[in-house]
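Structure assessment
Here is what each chain is made of, one letter per residue.
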Amino acid sequence: MLIKLPSAVFWRLKIKTLNTEKCEVTIPYFWRSQNPFKSIYFAALAGAAELSTGALCQLALAGKGQFSMLVVDFRAEYSKKANSKITFSCNQGEELFSLINSLKVGEATQLTMISTGKNTSDELVAKFFCHLVIQAKKLIHQIRLDSDKLLQTC
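Residues numbered from 1 in each chain as written. Predicted model: local features only at pLDDT ≥ 70, side-chain atom pairs only at ≥ 80, totals over all residues. Heavy atoms only, no water.

Counting its regular elements, the protein contains four helices and six strands. Going residue by residue from the N terminus, the α and β elements of the protein occur as α-β-β-α-β-β-α-β-β-α. Within the span of the protein, comprising 154 residues, buried residues form 38% of the whole. Of the roughly 9,000 Å² that the protein leaves accessible, carbon and sulfur atoms contribute 55%. (Helix = DSSP H or I, 4+ residues; strand = E, 2+ residues; numbered from the N terminus. Buried < 20%, exposed > 50% of the residue type's maximum accessible area, 1.4 Å probe, protein only. Areas by Shrake-Rupley, 256 points an atom, 1.4 Å probe, with all protein chains shown as cover.)

Written out as structure tokens, the structure reads:
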């Protein structure tokens, strides 16, 4: 997935943990992510935060059919200077999986995912709010039914 996100590779973002409960992404403090004020550039922090929510969404959607996903709002709160490695955590896996499993074809839902960034001293540095709209286009059992119909016509 990171190969499709060149800035994530450039900033050396790493997915530390990814499971059905949470996703943790780290961003190092070094010359590629640094701004002129000797802290991590806000866009790099936003990229790490969004990856922690997006990777969790990709895991929740994997193998379930065709979905569309759109970020409709994105905001941040900064509380401390980011001048060390920052770990972003999104702990809404259970909520997200439950929401996606409840969707029917054509149905859309919204969810605000929260990613918190902490420094190496476990101090809150930033909190990002990523508001998503997720729509089920075709669920996996429908894809199987469509392929069965195709085989019957052959």
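Next up on the list: the side chain of His-131. Here His-131 shows up in strand β6 (residues 124-139). Judged by relative accessible area, His-131 falls into the buried class, the value being 18%. For His-131, the side chain forms a polar contact with the side chain of Gln-110, separated by 2.7 Å. With residues up to four places along the chain from it excluded, the contact list for His-131 reads Leu-70, Val-71, Val-72, Asp-73, Gln-110, Leu-111 and Thr-112. (Polar contact = N/O pair within 3.5 Å; in protein donor to acceptor, adjacent residues only side chain to side chain. Contact = heavy atoms within 4.5 Å.)

To continue, consider the pattern of salt bridges. Summed over all chains, the structure comprises three salt bridges. The salt bridge involving Glu-77 is made with Arg-75; its shortest N-O contact spans 3.4 Å. The salt bridge involving Lys-80 is made with Glu-123; its shortest N-O contact spans 4.0 Å. Here Glu-123 lies in the loop between β5 (108-118) and β6 and Lys-80 lies in the loop between β3 (65-78) and β4 (86-90), a separation of 43 residues in the sequence. (Salt bridge = Lys/Arg side-chain N within 4 Å of Asp/Glu carboxyl O.)

Right, let's talk about the pairing of strand β2 (residues 23-27) for a bit. Each regular strand carries side chains that alternate between the two faces of the sheet. Counting buried residues along β2, five of its five residues qualify, which places the element largely inside the surrounding structure. Where burial is concerned, the two faces of β2 agree: the one with Cys-23, Val-25 and Ile-27 and the one with Glu-24 and Thr-26 are both buried. Linking strand β1 (residues 14-18) back to β2 in an antiparallel pair, the connection comprises four residues. (Pairing = 2+ DSSP bridges.)

Attention now moves to the nonpolar core. Nonpolar side chains tend toward joint burial in soluble globular proteins. If you look at the biggest cluster of nonpolar residues, it comprises 37 residues, and the most contacted ones within it are Ile-27 and Leu-96. Ranked by residue count, the leading element in this core is helix α2 (residues 42-61), at eleven residues. Those residues within four positions of Ile-27 in sequence are excluded, and the remaining contacts are Trp-11, Leu-13, Ser-33, Ile-40, Ala-44, Leu-45, Ala-48, Ser-84, Lys-85, Ile-86 and Phe-88. (Core = buried A, V, L, I, M, F, W, Y, C linked by side-chain atoms within 4.5 Å.)

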